[in-house]
Amino acid sequence: MNLIAWIILGLIAGAIAKAIYPGRHGGGIIATMLLGIVGALIGGTIVTLLETGTLQITAATLSIPGLIVAIIGAIIAIFLWGLLTDRTSH
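These figures come from a predicted structure and were not determined experimentally.

A.B. asks: Hey, could you run me through the environment of Ala74 in this one?
C.D. replies: Mapped onto the fold, Ala74 is located in helix H3 (residues 64-85). Between the alpha carbons of Ala74 and Ala40 there is a distance of 7.0 Å; along the sequence they are 34 residues apart. Apart from residues no more than four positions distant in its own chain, Ala74 is found in contact with Ala13, Ala17, Leu35, Gly36 and Gly39.

Spelled out as structure tokens, the structure:
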């Protein structure tokens, strides 16, 4: 059941992050899902770091706050991917 929740969270967060972040983004549904899952990991890790002061890899949960954290993480992932691939998003 946890895997299904991750897929749903990833799909929703990735789609919303792609809609919010300016520029064109390639990839289909699988890329969007992976982007959202990576975003959940990035966002969950950042929130854990801010709350506890320790760096540990955790993921956001399938909830409204978890979705918001995953969207923010996915936006960060889009930005970092753009830096790594040297693409401009304008």
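So that's the structure; there's more coming.
A.B. asks: Before we go on, may I ask you to explain helix H1 (residues 2-20) in this structure?
C.D. replies: Side chains of residues three or four places apart in an α-helix project in the same direction, reflecting 3.6 residues per turn. With 19 residues, H1 extends 27 Å between its outermost C-alpha atoms, agreeing within 8% with the 27 Å of an ideal straight helix rising 1.5 Å per residue. When we look at burial in H1, the residues that qualify are Ala5, Leu9, Gly10, Ala13, Gly14, Ala17 and Lys18. Each element contacted by the buried residues of H1 is listed here: helix H2 (29-52) and H3.

Rules used in this analysis
- Residues numbered from 1 in each chain as written.
- Predicted model: local features only at pLDDT ≥ 70, side-chain atom pairs only at ≥ 80, totals over all residues.
- Heavy atoms only, no water.
- Helix = DSSP H or I, 4+ residues; strand = E, 2+ residues; numbered from the N terminus.
- Contact = heavy atoms within 4.5 Å.
- Expected span 1.5 Å × (residues − 1).
- Buried < 20%, exposed > 50% of the residue type's maximum accessible area, 1.4 Å probe, protein only.

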